[in-house]
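Inside the fold
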Amino acid sequence: MRALAERFGPERLDVRAGVSSVAAAFARVGLPWDDAVVVSAHGREPRTAVNVCRAHPKVAVLTGPGAGPAELGAALRDSGRLLVVASALGDPERERVERVTPAEAAARDWGAAVSVVLSLDPGRALGAVRTVAGPAVRPAGWALDEADFAHRDSMITKFEVRALALARLGPRLGDLVWDVGAGSGSVAVECARLGAAAVAVEKAADGVERIRANAAAHGVDVRVVHGAAPDALADLADDPDAVFVGGGGRELPAIVTACARRARRTVVVAMAALDRVPAAREALTSAGFSCDGVLLQSSRLAPLPGDVTRLAATNPVFLLWVSETP
């Protein structure tokens, strides 16, 4: 209809609407679809659809050759999602609606009759009563206070740093973001709140549990990878749109290099140690990027006895970033 409206003008069209495949598929499984995200993988790479499925509990995917149930299933094996494959909807003789795991979907040849695939988080598929249809409304604020996250000994990206990092990362619906050296996972959680699929890489076992707890507390999905970068990054099959590097120690140059080689859009690196800045910058420029950066210094209002206020300085942090692919 869009092509016809563009060619002839919408006022010249006589549109007689029928039940869409998305509405029909949700009706077959007894779920409302007003809070579902609808994404098309027809005639394009399925990566955007996969990232939306990872980030949201209720998604309808319009499929096509090379981007059908098998391909979606292969990409979502570890997501905990349930797939509903609806084929030949509306045909009383051929219609089929099947609930399968991603692994089961990946193992089958589904043919050409697939109408739509639903990706559902079984625990959240029913959803809540909504005022606005479609994907969840973006949060009114970000760069949340450190107190909104569980963390160890104040080892967390401070909200002033997170605010600029998020601005440079630009997380959005359909994106994949890595949070490497995630610690509390605050950056990954914030990216997920803004609609992106998020992966947090953390080497400490207690850190892994904190990240999972923080994601659950904020009602978002974050895939947590327990391992040390850069080696752990090799196990991540999908290249990210954006990467935040918030830890790394002596391995920081190797981590930044590995991330720069795979990032599709940008890499952002946060460092508290002055000595690590030249090596991180060299890693970015050696990968073919033009690097920019800033030293962030802030002072927060803090109370003093006698109902007066002072300024309490936070530790300075260097932030480097690149924003164009090499």
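As a reminder, the structure under discussion sits directly above these lines.
Quick caveat: nothing in here was measured; it's all calculated off a predicted structure.

Cut-offs used in this document
Residues numbered from 1 in each chain as written. Predicted model: local features only at pLDDT ≥ 70, side-chain atom pairs only at ≥ 80, totals over all residues. Heavy atoms only, no water. Helix = DSSP H or I, 4+ residues; strand = E, 2+ residues; numbered from the N terminus. Buried < 20%, exposed > 50% of the residue type's maximum accessible area, 1.4 Å probe, protein only. Contact = heavy atoms within 4.5 Å. Areas by Shrake-Rupley, 256 points an atom, 1.4 Å probe, with all protein chains shown as cover. Lys, Arg positive; Asp, Glu negative; His and termini not counted. Charge placed at Lys NZ, Arg CZ, Asp CG, Glu CD. Pairing = 2+ DSSP bridges. Axes fitted to C-alpha atoms, helices over the stretch in contact; angles between N-to-C directions. Arc of directions from axis to C-beta. Phe/Tyr/Trp six-rings, centres within 6.5 Å; stacked < 30°, edge-to-face > 60°. Lys NZ or Arg CZ within 6 Å of the ring centre and 35° of its normal. Polar contact = N/O pair within 3.5 Å; in protein donor to acceptor, adjacent residues only side chain to side chain. Salt bridge = Lys/Arg side-chain N within 4 Å of Asp/Glu carboxyl O. Core = buried A, V, L, I, M, F, W, Y, C linked by side-chain atoms within 4.5 Å.

Turning to the overall build of the protein, a few remarks are in order. Across its full length, the protein holds ten helices and 14 strands. With respect to the principal axes defined by its C-alpha atoms, the protein has extents near 75 × 50 × 45 Å. Here the protein holds 326 residues, and the buried ones make up 44% of them. Long-range contacts, defined here as pairs at least 24 residues apart, represent 64% of the contacts in the protein between residues at least 6 apart. Summed over its atoms, the accessible surface of the protein is roughly 16,700 Å², and 52% of this surface lies on carbon and sulfur atoms. Computing the positive centroid from 37 side-chain charges and the negative centroid from 38, the protein places the two 2 Å apart.

Turning to the sheet that holds strand β10 (residues 266–271), a few remarks are in order. What the seven strands build is an open sheet, ordered β8-β7-β6-β9-β10-β14-β11; its pairing is mixed. With partners counted over all chains shown, the strands left at the sheet margins are β8 (222–226) and β11 (292–296), one partner each. Along the sheet, successive strands turn relative to each other by an average axial angle of 15 degrees, direction set aside. In this sheet, strand β9 (residues 242–245) lies alongside strand β6 (residues 176–180) in parallel orientation, the contact comprising four bridges.

Now for the sheet that holds strand β5 (residues 114–120). Spatially, the five strands line up as an open sheet ordered β1-β2-β5-β3-β4, and their pairing is mixed. Edge strands, defined here as strands with exactly one partner in the open sheet, are β1 (37–40) and β4 (96–100). Direction aside, the axes of adjacent strands within the sheet are offset by 20 degrees on average. Of the strand pairs in this sheet, strand β2 (residues 58–62) and β5 are connected by four bridges, and their pairing is antiparallel. Across the sheet, residue A60 finds its bridge partner in β5, namely L118. In this fold helix α2 (residues 21–28) packs onto β1, β2, β3 (82–87), β4 and β5, with an angle of close to 55 degrees to the strand it touches most, β5. Across the sheet, helix α3 (residues 47–55) touches β1, β2 and β5, and the angle it forms with β2 is around 165 degrees.

Within helix α10 (residues 277–286), the full set of buried residues consists of V277, A280, A283 and L284. All buried residues of α10 fall inside an arc of 130 degrees around its axis, so they share one side. Turned more than 90 degrees off the buried face of α10, the exposed positions are P278 and S286. The inward-facing, buried residues of α10 abut α9 (252–262), β10 and β14 (317–322).

All right, on to the environment of L72 then. Along the chain, the position of L72 falls in helix α4 (residues 69–75). Under the relative-accessibility criterion, L72 is labelled buried at 0%. When residues no more than four places from it in sequence are discounted, the contact partners of L72 are A49, V50, V61, T63 and V117.

Quick look at the packing of aromatic side chains now. Taken as a whole and judged by the stated rule, the model has zero aromatic pairs. The residue whose ring lies beneath R108 is W110, and the NZ or CZ to ring-centre distance is 3.8 Å.

On to the side chain of R54. Inspection of the secondary structure puts R54 in helix α3. You can call R54 buried: its relative accessible area is 16%. A polar atom in the side chain of R54 sits 3.0 Å from the side chain of D78. With residues up to four places along the chain from it excluded, the contact list for R54 reads A75, L76, D78, S79, R81, A197, D221 and R223.

This part covers the side chain of D179. Examined against the element boundaries, D179 turns out to sit in strand β6. The side chain of D179 is buried and forms no salt bridge, while R162, the nearest opposite charge, is found at 8.3 Å.

On to the nonpolar core. Counting residues in each nonpolar core, the largest one holds 32 residues, and the members touching the most others are V180 and L284. Counting residues per element, the ones that place at least two in this core are β6, β7 (197–202), β9, α9, β10, α10 and β14. A per-element tally of this core places α9 first, with five residues. Discounting chain neighbours no more than four positions away, the residues touching V180 are V201, A229, L233, V243, F244, V245, G246, G247, I255 and C259. Core analysis: the next-biggest nonpolar cluster, separate from the first, contains 20 residues, V39, V52, V61 and A105 among them.

Here we take up the environment of F26. Relative to the elements of secondary structure, F26 occurs in helix α2. Through-space distance from the C-alpha of F26 to that of A36 is 9.5 Å; in sequence the pair is ten residues apart. If we skip the residues at most four places from it in the chain, F26 touches L31, P32, W33, A36, K58, A60, L118 and L120.

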